[in-house]
Amino acid sequence: MPDSIVIIPTYNEKENIERMIRRVFSLPHDFHLLIIDDGSPDGTQNIVKQLQPEYAGRLFIEERAGKQGLGTAYIHGFKWAIAHQYDYIFEMDADFSHNPDDLLKLRQACVDGADAAIGSRYINGVNVVNWPMSRVLMSYFASVYVRFITRIQIRDFTAGFMCYKRPVLETIELNKIKFVGYAFQIEMKYTSVKHGFTLKEVPIIFTDRTLGTSKMSTSIFKEAFWGVIQMRINSIFRKYPEG
């Protein structure tokens with residue numbers, strides 16, 4: 001059985017999803033794909049299901065009723081991947097802001113010894129294409145802020161392009177991950193480090209979507225700003241057994 005699965009949450013990604021699926025399956029490593037769709041009104045889920053016979057046993061979809069948030073989509077996907085015994089479990093966006101070719105680099109970082117690999121925009125300067133400067137600054141300084149609060153030296157805390165080894169996700173108590181938006185990525189990395197796992201940042205170039213609509217909102221940033229402080233306080237009273 002192939003050892004790697006890529007989890008892609010979707011909501012209204014009909015312009016991107018078929019191209020993304022075909023691109024991942026064209027890579028030299030045998031990746032499987034799990035799409036978590038939150039009832040996309042544009043029919044994204046139907047496009048995935050139409051492609052399943054072509055990629056039988058490699059392309060999977062889990063459908064949920066209504067938009068429930070990025071964090072819960074990934075938690076759902078993590079549990080599914082653990083149950084199916086995949087060794088390398090990836091997070092990736094559907095909109096090509098993450099280059100599928102970089103899946104190979106993230107996987108290799110874990111093969112070489114990291115417990116998790118981060119597709120990092122900020123480990124070698126600022127590698128972001130087509131974002132307005134205000135968005136770049138907000139994202140960059142969000143990570144600066146998180147480093148200051150947590151005292152953990154990860155350059156791109158909010159990155160959503162990840163590879164986790166299965167023991168990391170088996171050790172983390174996924175039901176205790178509370179954030180659902182932007183802050184979900186911060187909480188996952190912070191919790192992984194607190195459990196004693198090694199995270200390696202792998203440089204990538206992040207390119208803003210050209211098709212479809214961004215899901216970012218002001219409320220997501222607010223959750224991250226206040227949530228990081230609460231997460232840090234809560235961690236003082238919580239035990240983190242090493243994996």
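Predicted model only: the values in this text are computed from it and were never measured. (Residues numbered from 1 in each chain as written. Predicted model: local features only at pLDDT ≥ 70, side-chain atom pairs only at ≥ 80, totals over all residues. Heavy atoms only, no water.)

Caption draft 1: Quick look at the overall build of the chain. Of regular secondary structure, the chain possesses 8 helices and 9 strands. Seen through its principal axes, the chain has C-alpha atoms that stretch 50 × 40 × 35 Å. In the chain, which comprises 243 residues, the proportion classed as buried is 53%. Sequence-distant contacts, at least 24 apart, represent 80% of the contacts inside the chain between residues at least 6 apart. Only carbon and sulfur atoms are counted for the fraction: they give 55% of the accessible area of the chain, which is about 10,800 Å². For the chain, the separation between the mean place of its 29 positive charges and that of its 27 negative charges on side chains is 6 Å. (Helix = DSSP H or I, 4+ residues; strand = E, 2+ residues; numbered from the N terminus. Buried < 20%, exposed > 50% of the residue type's maximum accessible area, 1.4 Å probe, protein only. Contact = heavy atoms within 4.5 Å. Areas by Shrake-Rupley, 256 points an atom, 1.4 Å probe, with all protein chains shown as cover. Lys, Arg positive; Asp, Glu negative; His and termini not counted. Charge placed at Lys NZ, Arg CZ, Asp CG, Glu CD.)

Caption draft 2: Up close: the side chain of arginine 121. Within the secondary structure, arginine 121 sits in the loop between strand 5 (116–120) and strand 6 (128–129). Residue classification places arginine 121 among the buried positions, given a relative accessible area of 6%. Within polar-contact distance, the side chain of arginine 121 engages the side chain of aspartate 156 at 2.7 Å. Side chain to side chain, arginine 121 and threonine 158 meet in a polar contact 2.9 Å long. If sequence neighbours within four positions are ignored, arginine 121 has contacts with Val126, Asn127, Val128, Trp131, Ser139, Asp156, Thr158, Ala159, Ile204 and Phe206. (Polar contact = N/O pair within 3.5 Å; in protein donor to acceptor, adjacent residues only side chain to side chain.)

Caption draft 3: Inspection of the environment of proline 203 at higher detail. You can see proline 203 is positioned in strand 8 (residues 199–203). The exposure class of proline 203 is partly exposed, given its relative accessible area of 33%. Separated by 138 residues in the primary sequence, proline 203 and alanine 65 have C-alpha atoms spaced 35 Å apart. If we skip the residues at most four places from it in the chain, proline 203 touches Lys105, Ser120, Ile123 and Asn124.

Caption draft 4: Region of the structure containing the packing of helix 1 (residues 17–25) against helix 2 (residues 44–51). Where helix 1 contacts helix 2, the two axes come as close as 9 Å, and the packing angle between them is 35°. In this structure, the crossing between helix 1 and helix 2 has a hand that is right-handed. Together, Ile17, Glu18, Ile21 and Arg22 of helix 1 and Thr44, Ile47, Val48 and Leu51 of helix 2 make up the contact between the two elements. When its residues are assigned to classes, the contact of helix 1 with helix 2 shows 5 nonpolar, 1 polar and 2 charged. (Axes fitted to C-alpha atoms, helices over the stretch in contact; angles between N-to-C directions. Left-handed = near helix turned anticlockwise from the far one by under 90°. Nonpolar A, V, L, I, M, F, W, Y, C, P; charged D, E, K, R; others polar.)

Caption draft 5: Examining the sheet that holds strand 4 (residues 88–91) more closely. What the 7 strands build is an open sheet, ordered 3-2-1-4-7-5-8; its pairing is mixed. Unpaired on one side and paired on the other, strand 3 (59–63) and strand 8 mark the two borders of the sheet. Between one strand and the next, the sheet's axes are offset by a mean angle of 20°, whatever the strand orientation. Relative to strand 7 (residues 162–165), strand 4 runs antiparallel, the two being bridged by 4 bridges. Of the residues in strand 7, the one forming a bridge with isoleucine 89 is tyrosine 164. Its contacts with the sheet place helix 1 against strand 1 (4–10), strand 2 (31–37) and strand 3, and it is angled at close to 160° to strand 2. (Pairing = 2+ DSSP bridges.)

Caption draft 6: Fine view of the nonpolar core. Core analysis: the largest hydrophobic core is formed by 42 residues, its most contacted members being Phe78, Ile89, Tyr164, Phe184 and Met188. Element by element, the count of residues in this core is highest for helix 3 (residues 70–83), at 7 residues. Formed by 31 residues, the second largest nonpolar core is a distinct cluster that contains Val6, Phe25, Ala117 and Cys163. (Core = buried A, V, L, I, M, F, W, Y, C linked by side-chain atoms within 4.5 Å.)

Caption draft 7: Molecular detail of a nonpolar patch on the surface. A contiguous nonpolar patch, built from Phe225, Trp226, Ile229, Ile233, Ile236 and Phe237 and spanning about 690 Å² of accessible area, is present on the exposed surface. Along the chain, the position of isoleucine 233 falls in helix 8 (residues 218–236). Residue classification places isoleucine 233 among the partly exposed residues on the basis of a relative accessible area of 39%. (Patch = residues over 30% accessible without salt bridge, like charges linked within 9 Å, V, L, I, M, F, W, Y side chains within 5 Å. Salt bridge = Lys/Arg side-chain N within 4 Å of Asp/Glu carboxyl O.)

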